[in-house]
Amino acid sequence: MGNAFCLNRRVEEEHQALGRNSPPALLVRKRSLSISRETSLQGQLQDVCVRAIGAQLLKGQVSASECAHRLPLDLLQRVLDHIIGVDQLVLPLLQQLMSPWLHHLHLAGVPAVDNAWLPVIARAKHLRALDLSGCSMLSDAGTAWLSWLWQLTELRLQHCCGITDAGLCHISGLSALRLLDLEGCEGLGSSSLAAVGQLSGLTSLNLSQCPGIRGAGMRHIRGLQQLRQLSLGWCRDLGDTSCDSSNNVAALASLTALSSLSLAGTRVDAAQLVALLPQLQQLQVRKVMAGRVAVEDQQIYITGREPH
């Protein structure tokens, strides 16, 4: 009641300030600006609050477990993001701050992350986005815990070189996954694509710089009918005419939703792919000169249309 009274009183005062003959649109604009200023001020106050709580946590002046239980979820998420951003997150602190309701966790490049962190991360049952890129100490034993995160829609494991085909099989049941980034996972081979091929909801898949991925593995992903973006850059055996598996790249023709494809650093015939995938809007290949010497990446916009 009090809030409603204050709101009505405020609208009445604005009418008086603008005058009875003021256009309604002017009043709406003024109120919008007022709300915008209040939102900005609220954001600034939250930033101050986040930094203060973070500083107190790191100094041991407040209990991390108490923060996890008492703070609103959005504020807890921001405090955790802040601690990660200032490179102060350690496993004991994460254990105390972890909530099953966190919606994202970006640990890219945190050097201490290893297999021992994954059981703690797996407690965040409602996690939507997880970034473990550059966490080079992760191995197959740690990835087994990823199967608990069944609500994940985005998973980034760039340059996690300790993960092999055996480890990747643990994510095959993550049916909500839409984005999977495995760039630079040098321990992966074509067999890993059998697990990836079961993620039928994927719309974006990055396999760049995975030298173990060969043409024969393409058959495993031909069922990804919702895939719109695919990167196979620098998977050097793709399109190599000396490999028996090179013709298997033709399996990509079944990816009817694909609009963007990167094959930079490979020997795949671009003209063949354009014919196989008439719906492509964007294709990145490697220009070659006489003697098959690679010179530069080339971005091709099919039919002159840049992707939206």
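Structure: see above.
Residues numbered from 1 in each chain as written. Predicted model: local features only at pLDDT ≥ 70, side-chain atom pairs only at ≥ 80, totals over all residues. Heavy atoms only, no water.

Each helix and strand in the protein was counted, giving 10 helices and nine strands. In the protein, once contacts between residues fewer than 6 apart in sequence are set aside, the share between residues at least 24 apart is 60%. A total of about 16,100 Å² of accessible surface is found on the protein, and carbon and sulfur atoms cover 53% of it. (Helix = DSSP H or I, 4+ residues; strand = E, 2+ residues; numbered from the N terminus. Contact = heavy atoms within 4.5 Å. Areas by Shrake-Rupley, 256 points an atom, 1.4 Å probe, with all protein chains shown as cover.)

In the structure shown here, the tally under the stated rule is three salt bridges. The salt bridge involving Arg78 is made with Asp47; its shortest N-O contact spans 2.1 Å. Taken together, the positions of Arg78 in helix 4 (residues 73–85) and Asp47 in helix 2 (residues 24–59) put the pair 31 residues apart, joining distant regions of the chain. A salt bridge links Arg156 to Glu154; its shortest N-O distance comes to 2.9 Å. (Salt bridge = Lys/Arg side-chain N within 4 Å of Asp/Glu carboxyl O.)

This part is about helix 4. Taking 1.5 Å of rise per residue, 13 residues should cover 18 Å, and helix 4 covers 18 Å from first to last C-alpha, within 8% of that figure. For helix 4, the full list of buried residues reads Leu75, Leu76, Gln77, Val79, Leu80, Ile83 and Ile84. Positioned one or two residues after helix 4, Asp87 has a phi angle of 60 degrees, which is positive. (Expected span 1.5 Å × (residues − 1). Buried < 20%, exposed > 50% of the residue type's maximum accessible area, 1.4 Å probe, protein only.)

Structurally, the position occupied by Leu157 is in the loop between strand 3 (154–156) and helix 8 (165–168). Once the C-alpha coordinates of Leu157 and Leu130 are considered, the two residues, 27 residues apart in sequence, prove to be 8.7 Å apart. Apart from the residues lying within four places of it in its own chain, the contact partners of Leu157 are Leu132, Ser133, Leu146, Ile163, Asp181, Leu182, Glu183 and Cys185.

Our next topic: the side chain of Ser262. Structurally, Ser262 is set in strand 7 (residues 260–262). Residue class for Ser262 comes out buried when judged on its relative accessible area of 13%. Other than its neighbours up to four places away in sequence, Ser262 contacts Leu230, Ser231, Leu232, Gly233 and Gln284.

This part covers unusual backbone geometry. In the Ramachandran plot, Asp87 falls in the positive-phi region, its phi being about 60 degrees despite a non-glycine side chain. Mapped onto the elements, Asp87 comes out in the loop between helix 4 and helix 5 (91–97). Although it is not a glycine, Trp234 sits at a positive phi angle of roughly 65 degrees. For Trp234, the position within the fold is in the loop between strand 6 (229–231) and strand 7. Overall, the relative accessible area of 31% leaves Trp234 in the partly exposed class.

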